[in-house]
Amino acid sequence: MSVLSGVAHDRGGSGMTSQRARDRLVARLREEGIKDPRVLDVIRTTPRHLFIDEALAPRAYEDVALPIGLGQTISQPWVVARMTELLIERGIPKRVLEIGTGSGYQAAVLSALVETVYTVERLDELLRQARRRFRNMKLENIRTRHDDGNIGWPGEAPFDAIVLTAAGESVPRKLLDQLSPQGVLVAPLGPSGKQKLTRLRREGDAFASDELADVSFVPLLGGVA
Ligand code: SAH
């Protein structure tokens, strides 16, 4: 099949949203240093094209961030894969808190690996769309909340792992408090243009921090809308 006919006849899973496109993405992620086979498998089986507008579906399996409306983006697959690796490298966490549901893609990837994903989004409109996707895909271990993620999800804490998918200058204190004693937190930190993907490991009351990669995320804001 030529590339052109692949695009022209793309209907729900053929052509540019096909398994072949996903396999190519996984091969690229492997070249770019993603090693964990559990993560590569989930990326291979998660239909990223269902988390974006239909008009962008032909680009779903490119390793790029894409717009999802309201000035927000679905994260780049490499970033989703790397953050997921970091969250599970010391053992599969049971309860994971995500700040910034956005399209729901990162939450869907995590839901295939952990017991329960708790995800908080400040923009009601995006959260409604994400919830619909979770329902349609029968992802029943994802719990959602419309709130300012800076306060975490106090009623469900502690969490074995926390991931922020929006960038702040530092990790909000309340999120650190909601991390279990041996927990791991992954977040983009720093000013726009100079963000570092950062991993914090909690050892009781102490936190060890590592900066792992240059990244570019939308900002962590306050309040809800
Ligand atoms: N994980 C998402 C990435 C979305 S972009 C995905 O896979 O598609 C980051 C998201 O964080 C945006 O939807 C933005 O609205 C949200 N966000 C920013 N600040 C927030 C806050 N304080 N609390 C909750 N969500 C926030």
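The preceding data block contains the structure.
Notes on the structure in this doc start here. (Residues numbered from 1 in each chain as written. Predicted model: local features only at pLDDT ≥ 70, side-chain atom pairs only at ≥ 80, totals over all residues. Heavy atoms only, no water.)

**Observations regarding the overall build of the protein**
Next, step 1: Counting its secondary structure elements, the protein contains seven helices and nine strands.
Next, step 2: Whereas a compact globule of 225 residues would reach a radius of gyration of roughly 17 Å, the protein reaches 17 Å, a difference of no more than 12%.
Next, step 3: Each principal axis of the C-alpha atoms in the protein carries an extent, and together these give about 60 × 35 × 35 Å.
Next, step 4: Sorting the 225 residues of the protein into buried and exposed places 52% on the buried side.
Next, step 5: Considering only contacts in the protein between residues 6 or more positions apart, those separated by 24 or more positions represent 54%.
Next, step 6: Accessible surface, the protein as shown: approximately 10800 Å² in total, 50% of it carbon and sulfur.
Next, step 7: Across the protein, 31 positive and 29 negative side-chain charges occur, with their mean positions spaced 2 Å apart. (Helix = DSSP H or I, 4+ residues; strand = E, 2+ residues; numbered from the N terminus. Rg over C-alpha atoms; globule rule 2.2 N^0.38 Å. Buried < 20%, exposed > 50% of the residue type's maximum accessible area, 1.4 Å probe, protein only. Contact = heavy atoms within 4.5 Å. Areas by Shrake-Rupley, 256 points an atom, 1.4 Å probe, with all protein chains shown as cover. Lys, Arg positive; Asp, Glu negative; His and termini not counted. Charge placed at Lys NZ, Arg CZ, Asp CG, Glu CD.)

**Quick word on the environment of G168**
Next, step 1: Among the structural elements, G168 can be located in the loop between strand 6 (159–164) and helix 7 (173–177).
Next, step 2: Once you skip the residues sitting within four places of it in the chain, G168 turns out to touch P188, L189, G190 and L220.

**Side note on the nonpolar core**
Nonpolar side chains tend to gather and get buried jointly when the protein is soluble and globular.
Next, step 1: By size, the foremost hydrophobic cluster in this structure holds 47 residues, and its most contacted members are L29, I43 and L87.
Next, step 2: If one sorts the elements of this core by residue count, helix 4 (residues 77–88) sits on top with eight residues.
Next, step 3: For I43, the residues in contact, after removing those within four places along its chain, are L25, V26, L29, P77, A81, Y105 and V109.
Next, step 4: In this structure, L97, L164, L175 and L176 belong to the second largest nonpolar core, which totals 16 residues. (Core = buried A, V, L, I, M, F, W, Y, C linked by side-chain atoms within 4.5 Å.)

**Details of the pairing of strand 5 (residues 142–146)**
Next, step 1: In the sheet, strand 4 (residues 116–121) pairs with strand 5 via five bridges, with the strands oriented parallel. Each bridged residue has a counterpart across the sheet, and for Y118 the counterpart in strand 5 is R143. (Pairing = 2+ DSSP bridges.)

**Notes on the site of the ligand**
Next, step 1: The immediate surroundings of the ligand are formed by 28 residues, with E98, S103, E121, G149 and L221 found nearest.
Next, step 2: At a separation of 2.6 Å, an oxygen atom of the ligand approaches a polar side-chain atom of E121.
Next, step 3: Between the ligand and D148 there is a distance of 3.0 Å, counted from a nitrogen atom to a side-chain nitrogen or oxygen.
Next, step 4: Within the complex, 99% of the 580 Å² of free accessible area of the ligand lies under protein.
Next, step 5: Mapped by element, the contributors of at least two residues to the shell around the ligand are strand 2 (72–74), strand 3 (95–99), helix 5 (105–111) and strand 4.
Next, step 6: Sorting elements by how many residues they give to the shell around the ligand places strand 2 first, with three residues.
Next, step 7: Of the residues that constitute the shell around the ligand, the class distribution is eleven nonpolar, twelve polar and five charged. (Near = heavy atom within 4 Å. Polar contact = N/O pair within 3.5 Å; in protein donor to acceptor, adjacent residues only side chain to side chain. Nonpolar A, V, L, I, M, F, W, Y, C, P; charged D, E, K, R; others polar.)

**Structural notes on the layout of surface pockets**
Next, step 1: Approximately 480 Å³ is the volume attributed to the largest pocket.
Next, step 2: Lining the largest pocket are 36 residues; nearest its centre among them are Q72, G100, T165, A166 and V218.
Next, step 3: Of all the secondary structure elements, the ones that give two or more residues to the lining of the largest pocket are strand 2, helix 4, strand 3, helix 5, strand 4 and strand 9 (206–215).
Next, step 4: Looking at the lining of the largest pocket, the element that brings in the most residues is strand 2, giving three residues.
Next, step 5: Counted by class, the lining of the largest pocket contains 17 nonpolar, 13 polar and six charged residues. (1 Å grid on protein atoms, 1.4 Å probe; cavity = no way out; pocket = protein on both sides within 12 Å on 5 of 7 lines; lining within 4 Å. Points joined across faces, edges and corners; volume = space filled by probe spheres on them.)

**Some remarks on the sheet that holds strand 6**
Next, step 1: Strands sit in the order 5-4-3-6-7-8-9 across an open sheet of seven strands; the sheet is mixed. The strands lining the two open edges of the sheet, one partner per strand, are strand 5 and strand 9. The mean angle between the axes of side-by-side strands here comes to 15°, regardless of whether they run parallel or antiparallel.
Next, step 2: Looking at chain direction, strand 8 (residues 195–203) and strand 9 are connected through nine bridges and run antiparallel. In the strand pairing of strand 9, Q195 is matched with V215.
Next, step 3: Contacting strand 4 and strand 5, helix 6 (residues 124–136) runs over the sheet at an angle of about 165° to strand 5. (Axes fitted to C-alpha atoms, helices over the stretch in contact; angles between N-to-C directions.)

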